[in-house]
Amino acid sequence: MASRPDPRADRRLLLAWLVAIFVLSAVRDPRWLAGAGLLAALGFRRGLQATLRRTLRSVVPVTAGLSLASLGWVRLVSGGWPPLEPFLALGLRAAVIGLLTFAVLARVDLLAALAPFPLLTRLLVVTLAQVHALRLLSTESQEGLRSRLPRRPGPLDLLRGAGGITAMLFTLATRNARDISDAMRSRGF
Amino acid sequence: MHLPDGFLSPQLTLPALAVAVPLAAWGARRHFGREAAEALPVMGTLTALAFVIQTIMIPVPGGTSTHLVGVTLLALLFGPLAAFVCEGLVLLMQALFFGAGGVTVWGVNALAMGLVGPLAGWLAWRLLRRLSPRVALFIAGWLSTQVATLAVAGVLALQHRLDPLLFPVEPAVTLAAMMVPSLTVAGVVEGLYTVFAYSLVRRANLRGVPT
């Protein structure tokens, strides 16, 4: 997330993005959506490759997969192919909104923009820290399990070890969360 | 289970936001005020746990996707309103930091997965806990998933009714595609998770968790 010096400019950009995605969520014509996508790509040229890659990786496969599955399902149930245009529009709409979202969020410092809301900032920081801590601890515990077994651990091994590990993870994460929360509270959040 | 941006029109997303935003603000003031400093770390940890659980998604044809929610536990420990605020935060983080779910559909997702589902689970648990605490916990988790999924499927059906060109999938297809994985897999695992995690939190006797 690139930092910008002015949180007010970030808030203005976030507001414009909010309006744009709500407007886009009502557009049904694939041509309009393609035009909006092109405009978004031109407007956010810096870092476009990375934004496109992120959109392709996270938004397009889900929507395309769902649309294809839906088409197949309708074909199976009704015996005929439904019109393709609404499905194309659905995929394009999600992709253009995704592209715009990733492009805008890469340009704003979200935590700085949230500065007027200290309680939300505190909860967000505590939760985000725990998300990272839980992911790290879970990877480490899996590595530990792998090192203790002469073979690759299967689902049953993971399940057997899950109880003790989860208890430990939870206790550690809560202690960690309390430390962060106390530290932030003492700094006025 | 939760909807991505682009699946619903402002006809549905704006009224949902008009209900969800003030409710979340009220809930946050009530549960995350200065006096709630003790509970905040545990809530943050459980919210993070719910977040991690919700990132494991199974796409389903005709609808969206299915996954565990993990928020029923928060409803049972801190009340449905606190669960709603925490789930709202999970959905916001998913949309803003990880590109999952969406911002326009935040209200619909938060109301379905954070309020309606956990509220049903919480009510079931209150009714049944005297009979058998473990069974009540399992039913709370299972029911919460079913009600939340049904709510999301209902909104998609309503969108199809309002504008079939915007969401072209038939309601019957959406309902079947979303409810089957929810009834058979997600609900059962959510029930087991609720039993296990609730017992764990109670045994750990954590500071800030109401008794």
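Keep in mind it's a predicted model, so treat the numbers as computed, not measured. (Residues numbered from 1 in each chain as written. Chains lettered and ligands numbered in written order. Predicted model: local features only at pLDDT ≥ 70, side-chain atom pairs only at ≥ 80, totals over all residues.)

### Topic: the overall build of chain A
For step 1, the next point in the chain: What chain A contains, in helices and strands, is eight helices and zero strands.
For step 2, the next point in the chain: In chain A, the succession of α and β elements from N to C terminus is α-α-α-α-α-α-α-α.
For step 3, the next point in the chain: Scored against the burial criterion, the 189 residues of chain A give a buried share of 28%.
For step 4, the next point in the chain: A sequence separation of at least 24 residues applies to 81% of the contacts in chain A between residues at least 6 apart. (Helix = DSSP H or I, 4+ residues; strand = E, 2+ residues; numbered from the N terminus. Buried ≥ 20, exposed ≤ 12 C-beta atoms within 10 Å, placed from the backbone. Contact = placed C-beta atoms within 7 Å.)

### What about the environment of F97 of chain B?
For step 1, the next point in the chain: Mapped onto the fold, F97 of chain B is located in helix α4 (residues 80-97).
For step 2, the next point in the chain: With 18 residues separating them along the chain, F97 of chain B and G79 of chain B place their C-alpha atoms 27 Å apart.

### Examining the packing of helix α1 (residues 10-31) of chain B against helix α5 (residues 106-128) of chain B
Residues and elements named next belong to chain B.
For step 1, the next point in the chain: In contact at an axis separation of 7 Å, α1 and α5 are set at 60 degrees when each is read in the N-to-C sense. If you check the angle between α1 and α5, you find them oblique. Crossing handedness for the pair α1 and α5: left-handed. Of the residues in α5, those touching α1 at L12, T13, A16, L17, V19, A20, V21 and A24 are W106, G107, V108, A110 and L111.
For step 2, the next point in the chain: Here the contact of α1 with α5 is built from residues that sort into 11 nonpolar, two polar and no charged. (Axes fitted to C-alpha atoms, helices over the stretch in contact; angles between N-to-C directions. Parallel < 35°, antiparallel > 145°, perpendicular 65-115°, else oblique. Left-handed = near helix turned anticlockwise from the far one by under 90°. Nonpolar A, V, L, I, M, F, W, Y, C, P; charged D, E, K, R; others polar.)

### Some words on the nonpolar core
For step 1, the next point in the chain: Core analysis: the largest hydrophobic core is formed by 99 residues, its most contacted members being V96 of chain A together with L74 and C86 of chain B.
For step 2, the next point in the chain: Broken down by element, the residue count for this core peaks at 14 residues, all from helix α6 (residues 133-162) of chain B. (Core = buried A, V, L, I, M, F, W, Y, C linked by C-beta atoms within 7 Å.)

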